[in-house]
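Descriptive analysis of the structure
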Amino acid sequence: MSILQSYTKAWKLVLSKPRLWLLLYLANFLFALLALYPLNSFLTTTLGNSLNLQQSLGDFDYTLVNDVLNNYGIALSPIFSTSFVVLGMYLLFSVFLMGGILAVIKQAPEHNQLPDRSIFWLGCVRYFWRLLRLTVYFLLVYALVAFAFFTFYSWINNGLNIFEVESDAQLIRSFKMLFPILLTVGIFLFMLHDYVKIHLSYLQNRLLGKAFFQGLRFVLRYLYLSLPLYLLNLLIFALCLGGYYFFQQFLGGNSMGSILLLFVFGQLFILLRIVLKLVNLSSIEHLYRSKEL
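Now for a look at the structure at hand.

About the cut-offs
- Residues numbered from 1 in each chain as written.
- Predicted model: local features only at pLDDT ≥ 70, side-chain atom pairs only at ≥ 80, totals over all residues.
- Heavy atoms only, no water.
- Helix = DSSP H or I, 4+ residues; strand = E, 2+ residues; numbered from the N terminus.
- Buried < 20%, exposed > 50% of the residue type's maximum accessible area, 1.4 Å probe, protein only.
- Areas by Shrake-Rupley, 256 points an atom, 1.4 Å probe, with all protein chains shown as cover.
- Core = buried A, V, L, I, M, F, W, Y, C linked by side-chain atoms within 4.5 Å.
- Contact = heavy atoms within 4.5 Å.
- Expected span 1.5 Å × (residues − 1).
- Arc of directions from axis to C-beta.
- Phe/Tyr/Trp six-rings, centres within 6.5 Å; stacked < 30°, edge-to-face > 60°.
- Lys NZ or Arg CZ within 6 Å of the ring centre and 35° of its normal.
- Salt bridge = Lys/Arg side-chain N within 4 Å of Asp/Glu carboxyl O.
- Bend = angle between axes of the 7 residues up to and from the residue.
- Axes fitted to C-alpha atoms, helices over the stretch in contact; angles between N-to-C directions.
- Parallel < 35°, antiparallel > 145°, perpendicular 65-115°, else oblique.
- Left-handed = near helix turned anticlockwise from the far one by under 90°.
- Nonpolar A, V, L, I, M, F, W, Y, C, P; charged D, E, K, R; others polar.

**Remarks on the overall build of the protein chain**
A tally of regular secondary structure across the protein chain gives 9 helices and 0 strands. Counted from the first residue to the last, the protein chain has its helices and strands arranged as α-α-α-α-α-α-α-α-α. Counting only residues that meet the buried cut, the protein chain has 35% of its 293 residues in that class. Of the roughly 17900 Å² that the protein chain leaves accessible, carbon and sulfur atoms contribute 71%.

Laid out in structure tokens, this is it:
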């Protein structure tokens, strides 16, 4: 199967399942509302009563931020502490939903008689622990790679000691030299992560090592297909992100109409991101199925 065939089939599958991406959107929207409730209460009792927040929309207002920190810094501390808990909960939440996404995309023959919503919830439960372990392992890999690059960047710039660096031009020059390498490694790891997820959904055993190395073997064996397909998905996402940024700048303003329109457009963009994520995973699954099954 060619790259374009995998990509077009992915779009056909995703567009045929609007309930799936609407469910994911609503789930993320409700989670965001619950997570932002403490912050909303804080803003209501501080900015809503003491500062003119509307004048600061769209721009960074140092006076506003400084006023909040000076007068309400103690009240912010519990919110910052809670944010780490919320991030952990969102990680679990995302992993749980990912199992359902893989199950619907895969559509195992034994589930053909079940509706998509049943397949989705069964997949959420079935793949949760394996996907959670896989996510933790890859997070460790991402952290190690970031640490290695930061260590090397610091080493070639004399420990980032400003008294031993010739000028800031040296820092910028070395960053420009290392960033393409870091970007390439990052794209490959993210791609590998997605392919291992797909491969894991087809394995009957729970050995993550086997899923990882077989997924790596598949990616390297069909790199001429897997990498261009992944880059195609990234390109489409980048174009959509650029369009969203342009529209956001075009509608810049503090009027209620502009704010409402930006909110609606922002929600549509979130929905589009969900669709593109599903298309990415579905295109990978189509390519995997055509080569391995």
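**Brief notes about the nonpolar core**
With 55 residues, the main nonpolar core has Leu24, Ile101, Phe120, Leu131, Tyr195 and Leu278 as its most contacted residues. Those elements giving two or more residues to this core turn out to be α1 (3-15), α2 (18-45), α4 (62-106), α5 (116-156), α6 (168-202), α7 (208-221), α8 (223-250) and α9 (256-292). No other element matches α5, which puts 12 residues into this core. Setting aside its immediate chain neighbours within four residues, Phe120 contacts Leu20, Leu23, Leu24, Leu97, Gly100, Ile101 and Val104.

**Quick look at α7**
The terminal C-alpha atoms of α7 lie 20 Å apart, and with 14 residues this matches the ideal 20 Å at 1.5 Å per residue to within 8%. Within α7 the residues assigned to the buried category are Leu208, Ala211, Gly215, Phe218 and Val219. The arc that holds the buried residues of α7, viewed along the axis, is 95 degrees, so those residues lie on one side. In α7, those exposed residues whose orientation departs by more than 90 degrees from the buried face are Phe213 and Arg221.

**Here's the deal with the packing of aromatic side chains**
Counting across every chain of the model gives 24 aromatic pairs. Residues Phe138 and Tyr142 carry aromatic rings whose centres are separated by 6.0 Å and whose planes lie at 45 degrees to one another, so their mutual orientation is tilted. With a gap of 4 residues between them, Phe138 and Tyr142 both fall in helix α5, about one helical turn apart. Assessed through its relative accessible area of 3%, Phe138 is described here as buried. Judged by centre distance (5.7 Å) and plane angle (35 degrees), the ring pair of Tyr195 and Phe218 falls under tilted. Residue Tyr195 is located in helix α6, and its partner Phe218 is located in helix α7; the two are separated by 23 residues in the primary sequence. For the pair formed by Tyr195 and Phe218, the shared burial category is buried. Here the aromatic cluster, defined as three or more aromatic residues joined through ring pairs, consists of Tyr195, Tyr202, Phe218, Tyr222, Tyr224 and Tyr288. Of note, Lys106 hangs over the ring of Tyr202, and the distance from its end group to the ring centre comes to 4.8 Å.

**Section: the pattern of salt bridges**
Under the criterion given, the structure shown has 2 salt bridges. Across the pair Lys197 and Asp194 runs a salt bridge, and its minimum N-O distance is 3.6 Å. Of this pair, Lys197 and Asp194 both sit in helix α6, 3 residues apart, roughly one helical turn. Of the charged contacts in the structure, one is a salt bridge between Glu285 and Arg289, with a shortest N-O distance of 2.7 Å. Here Arg289 and Glu285 lie together in helix α9, a separation of 4 residues that amounts to about one turn. Since its relative accessible area comes to 34%, Arg289 is described here as partly exposed.

**Structural notes on α5**
The sharpest bend along α5 comes to roughly 55 degrees, located at Phe128. In the stretch just after α5, Asn158 is the one whose phi turns positive, near 55 degrees.

**Side note on the packing of α1 against α8**
At their nearest, the axes of α1 and α8 sit 9 Å apart, and the two run at 45 degrees to each other. Relative to α8, α1 is oriented oblique. Pair α1 / α8 crosses with right-handed handedness. Each of Ile3, Ser6 and Tyr7 in α1 lies in contact with α8, whose residues at this interface are Tyr224, Leu225, Pro228, Leu229, Leu232, Asn233 and Ile236. For the contact of α1 with α8, the per-class residue count stands at 8 nonpolar, 2 polar and no charged.

**Some points on the side chain of Gln267**
On the secondary structure map, Gln267 appears in helix α9. Apart from the residues within four sequence positions on either side, Gln267 is in contact with Tyr25 and Phe29.

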